[in-house]
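One-letter residues, chain by chain:
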Amino acid sequence: MEAIQIKDIKQGDVFYERGSMDWYKLEALEDGHYKGDIEIMGTIYKQYQVKVKTEFKEELYVLVTEGLPHYSGKYFK
């Protein structure tokens, strides 16, 4: 598997989120896209989101703030 970024995901892609104890399978219901900017302590970060369906048939949004270390290397294809 190789690490991916949310902004590169296309509708229909199947990818995985690395959790603390397991891997979670996600299917993209739309293309990953730019959501907007957020300012944190004077620094502007870009945010990206994608709507997904989980392996448990739940639909939810994945929102990632680019450049923050807790999202680094978390999604794989």
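Attention here is on the structure that accompanies the text. (Residues numbered from 1 in each chain as written. Predicted model: local features only at pLDDT ≥ 70, side-chain atom pairs only at ≥ 80, totals over all residues. Heavy atoms only, no water.)

Points about the overall build of the protein chain
So, step 1. Broken down by element type, the protein chain carries 0 helices and 6 strands.
So, step 2. Reading the protein chain from its N terminus to its C terminus gives the helix and strand order β-β-β-β-β-β.
So, step 3. The C-alpha radius of gyration of the protein chain comes to 13 Å, within 12% of the 11 Å expected for a compact globule of 77 residues.
So, step 4. Dimensions along the principal axes, computed over C-alpha positions, put the protein chain at roughly 40 × 25 × 20 Å.
So, step 5. Residues counted as buried form 30% of the 77 residues belonging to the protein chain.
So, step 6. Long-range pairs, those at least 24 residues apart, make up 38% of the contacts in the protein chain between residues at least 6 apart in sequence.
So, step 7. Total accessible area on the protein chain is roughly 5300 Å²; 49% of this is exposed by carbon and sulfur atoms. (Helix = DSSP H or I, 4+ residues; strand = E, 2+ residues; numbered from the N terminus. Rg over C-alpha atoms; globule rule 2.2 N^0.38 Å. Buried < 20%, exposed > 50% of the residue type's maximum accessible area, 1.4 Å probe, protein only. Contact = heavy atoms within 4.5 Å. Areas by Shrake-Rupley, 256 points an atom, 1.4 Å probe, with all protein chains shown as cover.)

Quick notes on the pairing of strand β1 (residues 14–18)
So, step 1. Residues Phe-15 and Glu-17 line the buried face of β1, whereas the alternating positions Val-14, Tyr-16 and Arg-18 sit on a face that is not buried.
So, step 2. Looking at chain direction, β1 and strand β2 (residues 23–28) are connected through 5 bridges and run antiparallel. Looking at β2, one finds that Tyr-16 is bridged to Lys-25.
So, step 3. In this structure, the hairpin formed by β1 and β2 is closed by a connection of 4 residues. (Pairing = 2+ DSSP bridges.)

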